[in-house]
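# Remarks on the overall topology
These are the residues of each chain, in order.
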Amino acid sequence: MAQCYHCGDPCDDKEIKHKDKSFCCQGCATVFDILHESDLSYYYDLESTPGISPGEVDGKFDFLDNESIAEKLLEFHDGDIKIVSFLIPSIHCSSCIWVLENLQKLNAGVRTSQVDFPKKTVRITYASEEVSLKELVTLLARLGYEPYISLENADQKKKQVNRTLIYQLGIAGFAFGNVMFLSFPEYFQVEEFWLDRFKHLFRWLMFAYSVPVVFYSAKDYFISAYKGLRSKILNIDVPIALGILVLFLRSTLEIVMDWGTGFFDSLTGLVFFLLVGKFFQQKTYSYLSFERDYKSYFPIAITRIKEDHSEEQVPIYEVLPGDRLLVRNKELLPVDAILLKGDALIDYSFVTGEAVPVHKDSGDKLFAGGRQEGGIIEVQAMKGVEQSYLTQLWSNEVFSTNKQHLFQSLTDRISKNFTIGVLSLAFLATLFWLVVDPSKAFQVFTAVLIVACPCAIALASPFTLGNLLRIFGKQQLYLKESYIIEQMAQVDTVVFDKTGTITTHQKSKIIYEGIPLTEEESAVLTSSLRASNHPLSRALYDLLNKNNITTLDSFEEVTGKGILATHKNRQLKIGAASFVEAQKESLEETNETSVYVSSNDGYKGRYVFQNTYRKGLMEVFQELGKDKKLVILSGDNDGERERLQMILPKHAVMLFEQKPDDKLQYIKNLQKSGKKVMMVGDGLNDAGALAQSDVGIVISENVNVFSPACDGILDASRFQNLTDFFQISKKGMKIIKWSFVLSLIYNLIGLSFAVSGNLSPVVAAILMPLSSISIVVFTTVATYFIGKKLAKKETL
Amino acid sequence: MTIIYMLLAISVTVAVLFFIVFIISVKKGQYDDTYTPSVRMLFEDEVIKEVSTDKPQTKNDNQ
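Computed from a predicted structure; not experimentally measured.

Moving on to empty space enclosed by the protein. Empty space among the atoms becomes visible once a probe the size of a water molecule is rolled across them. Residue and element names in this part refer to chain A. Scanning the entire structure with this criterion turns up 6 cavities of 30 Å³ or more. One number sums up the size of the largest cavity: a volume of about 110 Å³. Looking at the largest cavity, it is lined by 13 residues, and the ones nearest its centre are V451, C453, N747, M768 and S771. Where the lining of the largest cavity is concerned, the elements lending two or more residues are α15 (455-474), α24 (722-755) and α25 (761-795). Residues of the lining of the largest cavity, tallied by class, amount to 8 nonpolar, 5 polar and no charged.

Formed by 119 residues in total, the largest nonpolar core has its most connected members in V494, F496, I502, F621 and M678 of chain A. With 12 residues, α15 of chain A is the largest single contributor of residues to this core.

Residues and elements named next belong to chain A. Counting across every chain of the model gives 14 salt bridges over all chains. A salt bridge links K278 to D220; its shortest N-O distance comes to 3.5 Å. With a gap of 58 residues between them, K278 in helix α11 (residues 264-281) and D220 in helix α9 (residues 219-230) connect regions that are remote in the sequence. Since its relative accessible area comes to 28%, D220 is described here as partly exposed. Close ionic contact of E254 with R250 constitutes a salt bridge, the shortest N to O distance being 3.0 Å.

Take the interface of chain B and chain A next. At the interface, 27 residues of chain B touch 30 residues of chain A. Between chain B and chain A we count 5 residue pairs in polar contact (both at pLDDT 80 or more) in total. At the level of secondary structure, the elements contributing two or more residues to the side of chain B that touches chain A comprise α1 (3-27), α2 (36-40) and α3 (43-54) of chain B. Of all the elements, α1 of chain B adds the most residues to the side of chain B that touches chain A, at 11 residues. Among the residues forming the side of chain B that touches chain A, the class breakdown is 17 nonpolar, 3 polar and 7 charged.

Moving on, we come to the sheet that holds strand β5 (residues 110-116) of chain A. All names here are of chain A. Taken together, 4 strands build an open sheet; the order of strands is β3-β4-β6-β5 and the sheet is antiparallel. Every other strand in the sheet has two partners, leaving β3 (74-78) and β5 as the edge strands with one partner each. The average angle at which neighbouring strand axes cross in this sheet is 15 degrees, direction not considered. Here β3 runs beside strand β4 (residues 81-87); their pairing, made up of 4 bridges, is antiparallel. Bridge pairing links D78 to I81 in β4.

Conventions and cut-offs
Residues take numbers from 1 onward in each chain, read along the sequence in its written order. All chains are assigned letters beginning at A, and all ligands numbers beginning at 1, according to the order in which they are written. Only residues with pLDDT of at least 70 are given local features in this predicted model, and only at 80 or more are side-chain atom pairs given and counted; all residues enter the totals for whole chains, interfaces and linings. The side-chain values count all of the structure's non-hydrogen atoms but skip hydrogen atoms and water molecules. Only protein atoms enter the calculation, which uses a 1 Å grid: trapped sets of points that fit a 1.4 Å probe without letting it out are cavities, open sets showing protein on both sides within 12 Å along at least five of seven lines are pockets, and any residue with an atom within 4 Å of a point is a lining residue. Grid points are joined across faces, edges and corners, and a volume is the space filled by probe spheres set on the points. Helix numbers and strand numbers start at the N terminus; a helix is a DSSP run of H or I with at least 4 residues, a strand a run of E with at least 2. Residues are grouped as follows: Ala, Val, Leu, Ile, Met, Phe, Trp, Tyr, Cys and Pro are nonpolar; Asp, Glu, Lys and Arg are charged; every other residue, Gly included, is polar. Definition of nonpolar core: a set of buried residues of the types Ala, Val, Leu, Ile, Met, Phe, Trp, Tyr and Cys, connected through side-chain atoms within 4.5 Å. Residue exposure (1.4 Å probe, protein chains only): buried if accessible area is under 20% of the type maximum, exposed if over 50%, otherwise partly exposed. Here a salt bridge means any side-chain nitrogen of Lys or Arg lying within 4 Å of a carboxyl oxygen belonging to Asp or Glu. Contacts are assigned to residue pairs that have any heavy atoms within 4.5 Å of one another. Under the rule applied, a polar contact is a pair of N or O atoms within 3.5 Å (in protein, one hydrogen donor and one hydrogen acceptor; residues adjacent in sequence only if both atoms are side-chain atoms). Strand pairing follows a simple DSSP-based rule, namely that at least 2 bridges must link the two strands. Note on geometry: axes are lines fitted to C-alpha atoms, helical ones only across the stretch in contact, with angles between N-to-C directions running from 0 to 180 degrees.

Following this line, the structure appears as structure tokens:
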């Protein structure tokens, strides 16, 4: 089969031959033409089939004609020159970068454009006299690079990029290198004339380098230790801050009193290594957002019908109760409203979890977040955006609490005992020396605190979890922060949403029950389905044999009921049970989604739509069921209960028709009974449960499009790996524990030097980096093997 | 041996100079996107090559 020259999709039956190239659709061919005419064919030389098939554009960006909306998107404007940044989820290869940075060849109004690939954004400077914002967005959309514009864009404040850690790391590294260099002569303690003359200068230089390290680079440790002490928690930063402080004070005292060279080398090295660990742990997926709420799902503007029946585009926040709004096909309803006019077929799958779009009659209430599938409808707003049924969920306090603060990590638990141990050892040793040799007591006291500084312990967890975070990322589970891995290891209850989470969005399975259709009947059936716009018709049409399309004599679609089609003297009724009017006994109203068919008023049978469950679902359930409690929490009806029962282990709980708030409460109750809960969901209706749970994972078929706020995003194709992730997180915890043992051994060696009063700067300068480095090596190697094992399993 | 004062002064100056350059580069956002520039730097050459072999007459227009 031919491959589309532009996007690489298979061309199926509707291949378009254009300039000796094959295209899968007219859209792709058009993009090729645009690029070809503007001398941008190099796009196709950089990578093969780099393109994205463009979607529908007409009328979609009309709202950008409204000056006040367009204004909100701008990053900067100075007279004629404007700068705007767009998030473009479809950026994926170097060809994309190239074509988006050559926009000026396509439109002279564009001055410069710059792509940030990891963030998938493009920043465009343009002259508004020559090209309007709408023209610009339309151009991008025509090329297949449709910007993602949502309500969130209207709210965004100037985001200040936080580069503090890079500065801190830079300063610590700079000071570390220079201090090492300056302290080198004194390591060998040779009595030498010139060394004696210059050593004071060298020492004061080292002191000068150390000051910014202690007071700027390490300041977060002091702040964190202070905060911990204030709330009576001995976190890992307490002994670290103590160690840094003692190192600095003792070293300063030593050079002031001319006792020795001090430990500036160990001090700067320690801070540097600690910051490297922190840097390593930072999140790495800058293009994924884990903080999204309904704002990034909702549109920025909507069409309002004015009193004089003219249309205008208004920002969503300006929609007032009572306003008449126009919602087009595939548009999202931003507020709760009453349907006034039109054929409403609302897809609530993302909001409530109902798998099948529901039909509404005029006068019915529509909820915000539903997506219209079909023609244009007219509605009357009942509430403002923030008071709507769905958006109110976000006023729950769970969205404003920071989960990480509540979590006590393994490191925190160990550090408590560690700190108490070290402090008592320091006092005991001091007491001993006060009796034996008081002149050494101060030295021993400080030495214990210095050498016991748990640098290695503090590094074990960032490096292990940081590495695992990357391994997970390679397996397409993208976690927000590394501490989530530690929480994953403790999970004992896993709650699943149904629609979109354990079922796939596409590919419904259809089963036919009844008397087989004749050839003529199936021809009429496919022909009439072809003409219908109802989602079920389209889904059914896609799965039926399409070879025998005939011309229908008459075709009538009764809104919300079904289709009446005639061909010669054959009349077919397709649709809801009540519409088809077949024998009562075969038509028990079930919750299963089905399409009934009758021919010349005789009932033939029905097509039953079944959810398709994700690949490997049963294995995942069986495996997880061994040591975890499983719950299905669905917003849909219980039509699939029996099928689920067969897949699930016996002890699993199933709850249906759960509202978003019910889900949140259910999780809360589980946690109250001491469970560690992981929520696996996908839609806005799971948002509360995801935020409440200990670990909230979102399943996404395309990680670049919207997903609600969560702790991690799992690519749907890796659903069957869920059990592996649990196992790895547990192994990760084991690695951390072993690292603790290792670093304790180093600490014991160091302490034996310190307690006996023999800690010289050179010993400290060797021991401290050595322990840190060996921890880093150990965790890296151990996690590398875990990752390799997983990759191997993947290929099998 | 007093030369060491001068050497030290030079070494510190050079170090601090580099350090300032580092701070400026971070401030200008050089570390915000560490991937795209690595791709971008490979573009220019190929474009010129392609233009010069296919349509030498447009070469001046594009530069």
